[in-house]
Amino acid sequence: MARIAWLNGDYLPLADARISPLDRGFLFADGIYEVTAVLDGRLVDSAAHLARLQRSAGEIGLCLPVTFDELEAIERELIRRNGLDQGTTYLQLTRGTAAERDFHADDDLAPTLFLYTQAKDIIGNPAARTGVAVVTTPDLRWARRDIKSVSLLAQVLAKQVAHDAGAFEAWLVEDGHVTEGSSSSALILTADGALVTRPNSHAILPGCTRAAVQVLAEQHGLRWEERLFTVEEALMAREAMLTSASNFVLPIISIDGHAIGDGRPGPVAERLRGVYIETARAQN
Ligand code: PDD
């Protein structure tokens, strides 16, 4: 079955989708993106992802060329046409294609909007059972990490560091404090039972999954604490975990080769993963 994408108004086979090399997304990484989970063929936390998309667009002076309802309709149609049960939708919006490479973009440029879907067994991911390893690496990103920019070179390099170390994710470190993962939010459970994560600011992407997990954690009587934490504190934590649309909640069992807790997935991470999945399933 041909995979179907959506590009600037048309559904078409992904293999036939064409974007000009003069597109500003390609030349300047002048664009933004969103990744939304799909579970049982339905979008998860869609409103939060759309709100973040609109915010990212606004922060770089772009307007969404379609409404939220139209976007969700496109995503649902892509899910239907691709027979997607579990995975993600990917959406990218760039400032568009100009006639010449020029740092300055004319206001009347038509933005490029591209969507497609990726299949992934998020629920059955073996990493949820085994837990994952994380390594730390300096945070080399720019100063507006709250914008979900397609300028991901620093994240790509960090992911390579993780891959080379046999780890699943890289935790990014700035001034001794963990900012977040290269493509996920970072949380630790302290010895006194608080779930600690960095407060939203320009330093991190406001994770939609993390926001949903916060509500669930508080409903389940966990203390939620937003503050900076160091790598040393993370190494001493009772548990560590990451959250993202493409992984939901994953337990972390080691950081830089040091076991976290007893080196096995922690009960709080497992519980939060379970309730997140239940809530996601009940959403639609
Ligand atoms: N990454 N922090 C960063 C730097 C991210 O790239 C992501 C998401 C998150 C988690 O955000 P959310 O829970 O809204 O997915 C945090 C996506 C999944 C990606 O780039 O594929």
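Everything here concerns the structure above.
Residues numbered from 1 in each chain as written. Predicted model: local features only at pLDDT ≥ 70, side-chain atom pairs only at ≥ 80, totals over all residues. Heavy atoms only, no water.

On to the packing of helix H6 (residues 208–219) against helix H8 (residues 267–282), then. Relative orientation of the contacting elements H6 and H8 amounts to 105°, with a least axis distance of 10 Å. As summarised for this structure, H6 and H8 are arranged roughly perpendicular, according to the angle between their axes. Along the contact surface, H6 presents Thr209, Ala212, Val213, Leu216 and Ala217, while H8 presents Leu272, Val275, Tyr276 and Thr279. Of the residues contributing to the contact of H6 with H8, the split by class is seven nonpolar, two polar and no charged. (Axes fitted to C-alpha atoms, helices over the stretch in contact; angles between N-to-C directions. Helix = DSSP H or I, 4+ residues; strand = E, 2+ residues; numbered from the N terminus. Parallel < 35°, antiparallel > 145°, perpendicular 65-115°, else oblique. Contact = heavy atoms within 4.5 Å. Nonpolar A, V, L, I, M, F, W, Y, C, P; charged D, E, K, R; others polar.)

The description of two aromatic rings rests on the distance between their centres and on the angle between their planes. In this structure the tally under the stated criterion is six aromatic pairs. Seen from their ring centres, Phe28 and Phe103 are 4.9 Å apart, and the 50° between their planes marks the pair as tilted. Remark: Phe103 occurs in the loop between strand E5 (87–94) and strand E6 (112–119) and Phe28 occurs in helix H1 (residues 24–28); sequence separation between them is 75 residues. Ring centres of Tyr90 and Tyr116 lie 6.0 Å apart, and the angle between their planes is 70°; this geometry places the pair in the edge-to-face category. In this pair, Tyr90 is assigned in strand E5 and Tyr116 in strand E6, connecting sequence segments 26 residues apart. One aromatic cluster is present, built from ring pairs that chain together Tyr33, Tyr90, Phe114 and Tyr116. The ring of Tyr11 has Arg81 sitting right over it, with the charged end atom 4.2 Å from the ring centre. (Phe/Tyr/Trp six-rings, centres within 6.5 Å; stacked < 30°, edge-to-face > 60°. Lys NZ or Arg CZ within 6 Å of the ring centre and 35° of its normal.)

All right, on to H6 then. An ideal rise of 1.5 Å per residue puts 16 Å on twelve residues; H6 measures up with 17 Å between its terminal C-alpha atoms. Within H6, the full set of buried residues consists of Cys208, Thr209, Arg210, Ala212, Val213, Leu216 and Ala217. Gly221 lies just past H6 and shows a positive phi near 80°. (Expected span 1.5 Å × (residues − 1). Buried < 20%, exposed > 50% of the residue type's maximum accessible area, 1.4 Å probe, protein only.)

As a further point, take the pattern of salt bridges. Opposite charge on two side chains permits them to pair, given that their charged atoms come into close proximity. Inspection of the entire model under this criterion finds 20 salt bridges. Here Arg281 makes a salt bridge to Asp40, at a shortest N to O gap of 2.8 Å. Taken as a pair, Arg281 in helix H8 and Asp40 in the loop between strand E3 (31–39) and strand E4 (42–43) lie far apart in primary sequence, 241 residues in all. By relative accessible area, Arg281 is classed as partly exposed at 36%. Asp40 sits in the partly exposed class, given a relative accessible area of 30%. For Arg141, the salt bridge goes to Asp139, with nearest N and O atoms at 2.9 Å. The same class applies to Arg141 and to Asp139, which are both buried. Here the residues in one salt-bridge network are Asp139, Arg141, Arg145, Glu174 and Glu180, joined through shared partners. (Salt bridge = Lys/Arg side-chain N within 4 Å of Asp/Glu carboxyl O.)

Taken together, 20 residues form the shell around the ligand, and within it Tyr33, Arg52, Glu180, Cys208 and Thr209 come nearest. Residue Glu180 places a side-chain N or O atom 2.6 Å away from a nitrogen atom belonging to the ligand. Interatomic distance of 3.2 Å between a backbone N/O atom of Ser183 and a nitrogen atom of the ligand. Coverage of the ligand by the protein amounts to 91% of the 470 Å² it exposes when considered alone. (Near = heavy atom within 4 Å. Polar contact = N/O pair within 3.5 Å; in protein donor to acceptor, adjacent residues only side chain to side chain. Areas by Shrake-Rupley, 256 points an atom, 1.4 Å probe, with all protein chains shown as cover.)

Before going further, it helps to examine the pairing of E6. Most of E6 is tucked away: six of the eight residues are buried. Summarising the sheet, strand E1 (residues 4–7) and E6 pair through two bridges and their orientation is antiparallel. Note that in E6 the partner of Leu7 across the bridge is Phe114. Note that E5 and E6 share eight bridges and pair antiparallel. Opposite Gly87, over in E6, you have Ala119 as the bridge partner. (Pairing = 2+ DSSP bridges.)

All right, on to the sheet that holds E4 then. The strands making up a sheet associate through hydrogen bonds between their backbones, and the pairing can be parallel or antiparallel. Spatial ordering of the open sheet is given by E2-E1-E6-E5-E3-E4, a layout of six strands whose pairing is antiparallel. What marks the edges here is a single partner per strand, and that holds for strand E2 (10–13) and E4. Bridge count for E1 against E2 is four bridges, and the pairing is antiparallel. In the strand pairing of E2, Ile4 is matched with Pro13.

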